[in-house]
Amino acid sequence: MEASVMTEKINAADAMIKVLEDWGIHNIYGLPGGSFDSTMNALYNRRHTINYVQVRHEEVGALAAAGEAKVTGRIGATFGSAGPGAVHLLNGLYDAQYDHVPVLALVGQVPTAAMNTNYFQEMNENPMFADVSVYNRTAMTAAQLPHVVDEAIRQAYKYQGVAVVTIPKDLGWQEIDDNYVSSANLYQKPLLPEPDPEQVATAWSILKDAKKPILYVGNGARGARDEIIAFSEKTHIPIITTALAKGIVPDDYKANMGSAGRVASKPGVEVARGADTVLFLGSDFPFQPYFIAPNAKYIQVDIDASKFGRRHTVDLAVLADAKKFIKALTEKADAVPETAWYRAAVANKANWAEWMTSFEDDPQTPLRVEPIFKLINEMADKDAVFQVDVGNVTINGMRYLKANDNQIFTTSGWYATMGYAVPAAIGAQAEFPDRQVWSISGDGGFAMVMQDIMTQVKYHMPIINIVLTNESLGFIEAEQDDTRQPHSGVDLIDADYGKAAEAMGAQGFEVHNLDELKAAFAKAKDRKGPVVIDVKISDLRPIPVEQLVLDKQTQDPEAVDAFVKKYHAETLIPFRQLLEDAEKTTANV
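Remember, it's a predicted structure, so these values are computed and weren't measured experimentally.

What counts and what doesn't
- Residues numbered from 1 in each chain as written.
- Predicted model: local features only at pLDDT ≥ 70, side-chain atom pairs only at ≥ 80, totals over all residues.
- Heavy atoms only, no water.
- Helix = DSSP H or I, 4+ residues; strand = E, 2+ residues; numbered from the N terminus.
- Buried < 20%, exposed > 50% of the residue type's maximum accessible area, 1.4 Å probe, protein only.
- Contact = heavy atoms within 4.5 Å.
- Polar contact = N/O pair within 3.5 Å; in protein donor to acceptor, adjacent residues only side chain to side chain.
- Expected span 1.5 Å × (residues − 1).
- Bend = angle between axes of the 7 residues up to and from the residue.
- Core = buried A, V, L, I, M, F, W, Y, C linked by side-chain atoms within 4.5 Å.
- Domains from an automatic or database assignment.
- Salt bridge = Lys/Arg side-chain N within 4 Å of Asp/Glu carboxyl O.

**Overview of the environment of Asp302**
Okay, step 1: The residue Asp302 is located in strand E12 (residues 297-302) in this model.
Okay, step 2: Accessibility expressed as a relative area gives 6% for Asp302, which makes it buried.
Okay, step 3: With 279 residues separating them along the chain, Asp302 and Asp581 place their C-alpha atoms 36 Å apart.
Okay, step 4: With residues near it in sequence (within four places) discarded, Asp302 still touches Gly282, Ser283, Lys307, Phe308, Val318, Leu319 and Ala320.
Okay, step 5: Of note is the side chain of Asp302, whose polar atom sits 2.9 Å from the backbone nitrogen of Asp304.

Structure below.
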């Protein structure tokens, strides 16, 4: 008789972690609890092949995983223990769900013998994660644990969402055969649909007849920078990008108008409102009804047919990859000379840029934000990662941060959770230890997660954390102003976040004026670990480009004077005027 071959044994939790490693998961973020002991033991055993990052709150761990996934395009991983640890994960997991990035969440559960007995910290956790997840399972046997996690990762990638695996504590301790082979090496990115040549021709027919066309670029066009610019150069059509798409087209490109909406720029809003034809490329931007004319011609390109017509009546729906489509459209398009519409748009962009830079050396106190972002842009590496929080800081980040080279900009775009930047920066730095990483927050968002500056300290992460302190939830304050209600619940007490950072082991600065700002940034260049620069800024609302009052020919002159005075907008030129000037020039030519 042949001798039987003995299969080596392994704890089920260790086998599960090996699956994560097979899928290229380098980091996992979380805080241990008793129900997660078996997995913590596996993370210790596998400490040389997977990096465990201990956070101080599970929400931070989930946001770090989402932040990592946004900058890499690969799956992020987080965990929480049974009960409160699991509940704390939800906020970060919803951020991943809303911004369509893959995240794996491992959730502790009491031992199987204690389940359904009203045991300590026992919860029926599956229903809690049903809404946030694309895959949500509880492992039932030790032997299936690696398989369930393997399947979870496949589903997270397939649906670009959150996969949750709940693990009863005792299962991870049990020995199983060490023979599970993951499916990681079989994974292939889906083949994206090719553009139909007839639809490409139809799209160009619509665009060439337009008087005021725009190209509206969403996150689905990521990786198509060269193709988008080539199309704009050949057809002289202005470009708008969504917030999530910032950086796809360089911010300084002359025909990049920025974004439309409230988190937006003047040229972005004005060309969106003036457009008679829109080529909408790879996005599901929800605020279009407020900016795109309902009778505008509309071409929508997406790989997800369920999005067609969701935001606007569609004249041509194209199921195709954005990059492939814009390349094919450029080849089909005729070369179009500059139109008055295009020249006015470019002039508007230049006027807006000149207005913004005019405040960059303003020494007023409290400080304006422009000097701060000037120093950030000067100090930023060409591959810097900007993780930007939610609120007025998002508006300012979109307007002033320069994503021109290989910089990456992310925020909590659709879910819009405050407290995003610090955790997301941890996720980016863990994955890219040699890249420069910034977190940029308002004082409201920073205070929600500031305890995890200790995480940055513990792991020697040289993150530059900028806090813009205006002692207000300014974004909500502005909404209350717009609805003519008294300010309620938006005032914040001040704190010295620089000293707080020092107490947690980081380098910290409190900045009140331009000289102190420059000194703090100079010292931050020599940082060995994390630095927190707390800048006391004016509570002046960022100029509301969605409700500009600049044109005395079409608006109340007294209202224009008041608006211009409040926002120091003396040099901003109404788009109507720029368009009329461009039309006269074109007619003369």
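Once you've had a look at it, read on.
**Some thoughts on helix H4 (residues 84-98)**
Okay, step 1: In a regular helix each residue adds 1.5 Å, so 15 residues correspond to 21 Å; H4 covers 23 Å between its end C-alpha atoms and thus fits that length.
Okay, step 2: The largest bend in H4 comes to about 35 degrees, at Asn91.
Okay, step 3: Where H4 is concerned, the buried positions are Gly85, Ala86, Leu89, Leu90, Gly92, Leu93, Tyr94, Asp95 and Ala96.
Okay, step 4: Against helix H3 (58-72), strand E4 (76-80), strand E5 (103-109), helix H5 (125-129) and strand E7 (162-168) lie the buried residues of H4.
Okay, step 5: In the stretch just after H4, His100 is the one whose phi turns positive, near 60 degrees.

**Considering the nonpolar core**
Okay, step 1: Ranked by size, the top nonpolar core spans 72 residues in total, and within it Ile376, Phe386, Trp438, Ile440, Ile466, Ile533 and Ile543 carry the most contacts.
Okay, step 2: Residue-level mapping places this core at the junction of two domains, with at least three residues from each of domain 2 (197-346) and domain 3 (359-536).
Okay, step 3: When residues no more than four places from it in sequence are discounted, the contact partners of Trp438 are Ile376, Met379, Ala380, Ala384, Val385, Phe386, Gln387, Ala425, Ile464, Ile466 and Phe521.
Okay, step 4: In this structure, Ala64, Val164, Ile453 and Met461 belong to the second largest nonpolar core, which totals 44 residues.

**Looking at the pattern of salt bridges**
Okay, step 1: Counted according to the given criterion, the structure contains 30 salt bridges.
Okay, step 2: A salt bridge links Lys18 to Asp178; the shortest N-O distance between them is 3.0 Å. Placement of Lys18 in helix H1 (residues 12-22) and of Asp178 in the loop between strand E8 (175-177) and helix H8 (197-208) is noted, with a sequence separation of 160 residues between them.
Okay, step 3: Residue class for Asp178 comes out partly exposed when judged on its relative accessible area of 28%.
Okay, step 4: A salt bridge links Arg343 to Glu338, with the nearest nitrogen and oxygen atoms 3.2 Å apart.
Okay, step 5: Look at Arg343 and you get partly exposed, because its relative accessible area is 30%.
Okay, step 6: Look at the salt bridges and you will find they share partners, linking Asp494, Glu510, Asp534 and Lys536 into a network.

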